[in-house]
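Residue-level structure breakdown
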Amino acid sequence: MKKFLPFGIGLLLTLALLWPLFVAPYFTHHDDVQNIRLFEMNKCVLDVQLPCRWVPDLGGLYGYPLFNYYGPLPYYYGEVWYFLSHSLIFSAKMMFATGFVASFIFMYLATRKLWGSWGGSFAAIIYSYSPYHSVDFYVRGAMGELWALAFFPAILWATLRLKEKPSWGNSVLLSVCLAGLVLAHNLSAMLFFPIVGVFVVGAALISKNGRFFKFFCFSLVLGLTLSAFYWIPAYFEKSLVHLETTVEGYFSYTEHFKGLRKLFLDRSWGWGASVREIPGGEKDGLSFQIGYGHILIWLLSMIAAIKLWKKQPLLGWVIGFFSIVLLGAVFMINPKSEVVWKSIDSLKYLQFPWRFLEIIIFAIAIMSGSVLMLIRPKYKMLVYVVGIALIVGLNFSYFRPEKFLNITDQSILSGSSWDSQIKRSIYDYLPIYAKAPPAELATVRYQLVSGGTSINNFKENSQSLNFSSTSLTPVEFRWSQYYFPDWQILVDNQKVAIDYHNDLGLITFIIPSGNHKVVGQFKDTPIRTYSNWASLAAVTLTFGLFLIKIRKRPHLI
């Protein structure tokens, strides 16, 4: 029982932060899109559009390729809960709760390997109670980023396992974690992959473990291949959507740098927006603090690094490395880093420099467990209790939403709420064939631009269109659906040309006179097809390696 006590204490304290999920049906947050996105994912699954790329209702009922670009993993997970519960709200809560609790579990597993069970518990609690964790959970509602905060320590845990024992089993575990981060939030993966790469190189050099490095390289390739079905199209097909709107105006990184006072001194809390503060102008409504207790623990860990450097150089190096990472992240949030942002074009897609708080809270948590190594054994529990009491006392009150909502699935999917959700973020991933987003929702599912015909048995879903037509003259038919490669239209099994040269880029085609059967199909482009096959091959390899490990060690099942 004592063996699980450190983990149990931390888990209970982390679960306590979920209390808002039980107070009311739902709560407010900035990104109020989780329910509608899950609803759209469910449509994909029911239509057997796998992997899900095109969602039919968003974009003002004209549809758009949301999951071709936005990390789908939390929504695939949420779909499991939706299938079991038939409740969008409950499933969205489970998505939030799982990402949050998983961050504690994986941080404990990772730091236990560095600092022991009590050190791991100390570090994981500090991670859970980071103010920025609440910003993602209860203020922004940033589902992908919340899940990324779980995969950061999962990757470190798997990496440390691989270092201890370079093997195919541990390599596969790491590859799955790497793939999970990419599929949850590709922007966080862009931040974290260079850090874990440098960490592995440094650890391999210090321990003189070339085998570890080779297995890591295999894990990296396998992980990227497992997630290829998502990230390859997201990258190579980015020119097919209006991504420029995600990096302009309010979403330009130039509007969201924060100085040292915001990170280290300002403890104000709010549920408002991030703004560029100017004298006499609007003030930030969002907190960007690291946390007083977290800063203190980081400084104490630096003392631990000095103590450990000669006796356990690898542990001392870990603290030194993550301190440098932390300082680098602080710099990237500061306006003085703008020259770096300008020189690396891909950074603009991060939108908010303060996203580097992800890295800061992760780095502090990793180092924090070392503080207990400064203390004599007889005082260690006292320091643990006092330290956790300090962190909990300073930060518990932050973990609450601004407002609770008494809503139901039915109210979410009807009336003004439905209209608002399907118009929300209407320009995100808008196909380039549309010159501008629609001024209003699609009021009809199709229109006859010219000619007259009888349309019968009109049916559509997330990946197909079916109807029959009867006309005396050719008809120009316009479907209330954005064109995006590779929508195809077949008239009597013969592919016909699609005309998308209209203001909204809607699918338009000619139906000849007479009786005809019309079918629309959403197909994969060659890039998506090759990516799907690559991921399928990687899944097969992963499953095969797993079976080999189980066969050698049957007690694992």
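Heads up: these notes are all about the structure in this document. For every chain, the first residue of the written sequence is number 1, and numbering continues from 1 onward in sequence order. A pLDDT threshold of at least 70 governs which residues receive local features in this predicted model, and a stricter bar of 80 or more applies before side-chain atom pairs are shown or counted, although totals over entire chains, interfaces and linings include all residues. Side-chain descriptors were evaluated using all non-hydrogen atoms of the structure, hydrogens and water having been removed beforehand.

Okay, helix α17 (residues 357–368) next. With 12 residues, α17 extends 16 Å between its outermost C-alpha atoms, agreeing within 8% with the 16 Å of an ideal straight helix rising 1.5 Å per residue. Remark: exposure states derive from per-residue accessible area (1.4 Å probe, protein chains only) relative to the maximum for the residue type, with buried under 20%, exposed over 50%, and partly exposed in between. Strands are runs of DSSP state E lasting at least 2 residues, helices are runs of H or I lasting at least 4, and numbering of each runs from the N terminus. With 12 of its 12 residues buried, α17 lies for the most part within the structure. Among the residues of α17, Leu357, Glu358, Ile359, Ile360, Ile361, Phe362, Ala363, Ile364, Ala365, Ile366, Met367 and Ser368 are the ones counted as buried. Take the number of residues in a helix, subtract one, and multiply by 1.5 Å to get its expected span.

Moving on to the sheet that holds strand β3 (residues 446–450). A strand pair is defined by DSSP finding two or more bridges across the two strands. Overall, antiparallel pairing links the three strands, which are arranged β3-β6-β9 in an open sheet. With partners counted over all chains shown, the strands left at the sheet margins are β3 and β9 (506–511), one partner each. Going across the sheet, the axis of each strand differs from the next one's by a mean of 30°, ignoring polarity. Here an axis means a line fitted to C-alpha atoms, over the contact stretch when the element is a helix, while the angle between two N-to-C directions is reported on a 0 to 180 degree scale.

Glancing now at the environment of Phe229. Residue position: Phe229 is located in helix α12 (residues 228–236). Classification of Phe229 as buried rests on a relative accessible area of 17%. Expressed as a C-alpha distance, the spacing of Phe229 and Val325, which sit 96 residues apart in the sequence, is 31 Å. What Phe229 contacts, discounting residues up to four positions off in sequence, is Pro51, Arg53, Leu183, Ser531, Asn532 and Ser535. Any two residues having at least one pair of non-hydrogen atoms within 4.5 Å are treated as being in contact.

Quick look at the side chain of Gln481 now. Relative to the assigned elements, Gln481 resides in strand β6 (residues 475–482). By relative accessible area, which is 2% here, Gln481 ends up buried. Contacts of Gln481, omitting those with residues within four sequence positions, involve Trp54, Pro56, Tyr62, Gly63, Arg445, Trp487, Gly505, Leu506 and Ile507.

The disulfide criterion used throughout: a pair of cysteine sulfur atoms within 2.5 Å. The final tally for this structure, using the stated rule, is one disulfide. Shown here is the disulfide that connects Cys44 with Cys52, its sulfur atoms set 2.2 Å apart. One exposure class covers both Cys44 and Cys52, and it is buried. Just so you know, Cys177 is unpaired, no disulfide at all, and the nearest cysteine sulfur is the one on Cys217, 17 Å from it. For Cys177, a relative accessible area of 6% gives the class buried.

Attention now goes to the pattern of salt bridges. Here, a salt bridge means any Lys or Arg side-chain nitrogen found within 4 Å of an Asp or Glu carboxyl oxygen. Inspection of every chain in the model, using the stated rule, returns 18 salt bridges. The partner of Arg276 in a salt bridge is Glu255, with the nearest N and O atoms 3.7 Å apart. Here Glu255 lies in the loop between α12 and α13 (260–264) and Arg276 lies in the loop between α13 and α14 (292–311), a separation of 21 residues in the sequence. Here Glu255 falls in the partly exposed class, since its relative accessible area comes to 26%. A salt bridge links Lys258 to Asp284; the shortest N-O distance between them is 2.9 Å.

Most peptide bonds take the trans configuration, and most residues that are not glycine carry a negative phi. The omega torsion of the bond from Leu50 to Pro51 falls at 0°, within 30 degrees of zero and hence cis. Relative to the elements of secondary structure, Pro51 occurs in the loop between α3 (34–46) and α4 (66–69). The step from Pro485 to Asp486 runs through a cis peptide bond, and the omega angle for that step is 15°. Positionally, Asp486 belongs in the loop between β6 and β7 (487–491). Of note in this structure, His86 is not a glycine but carries a positive phi near 60°. Backbone geometry at Lys208 places phi at a positive 55°, although glycine is not the residue there. Structurally, Lys208 can be placed in the loop between α10 (186–207) and α11 (210–226).

Before going further, it helps to spend a moment on the pairing of strand β5 (residues 464–471). Bridge analysis of strand β4 (residues 454–460) against β5 gives five bridges, and the strand direction is antiparallel. Its bridge partner being in β5, Asn456 is matched across the sheet by Ser468. If you look at the hairpin formed by β4 and β5, you'll find three residues sitting between the two strands. Sheet topology note: the β5/strand β10 (residues 514–522) ladder contains eight bridges and is antiparallel.

With that out of the way, let us pick up the environment of Thr111. On the secondary structure map, Thr111 appears in helix α6 (residues 88–128). Here Thr111 falls in the buried class, since its relative accessible area comes to 0%. Between the C-alpha atoms of Thr111 and Val444, which are 333 residues apart in sequence, the distance is 56 Å. Pairs of N or O atoms are called polar contacts if they sit within 3.5 Å, as long as, within protein, a hydrogen donor faces a hydrogen acceptor (for residues adjacent in sequence, only side-chain-to-side-chain pairs). Polar contacts involving the side chain of Thr111 include one to the main-chain carbonyl oxygen of Gly120, which spans 3.4 Å.

With antiparallel pairing, five strands are arranged side by side in an open sheet as β4-β5-β10-β7-β8. Across the chains shown, the open sheet's two edge strands, defined by having one partner strand only, are β4 and β8 (494–496). Adjacent strand axes in the sheet meet at a mean angle of 25°, parallel and antiparallel pairs treated alike. Where β7 meets β8, three bridges bridge the pair, whose relative direction is antiparallel. Across the sheet, the residue bridging to Val491 is Gln494, located in β8.

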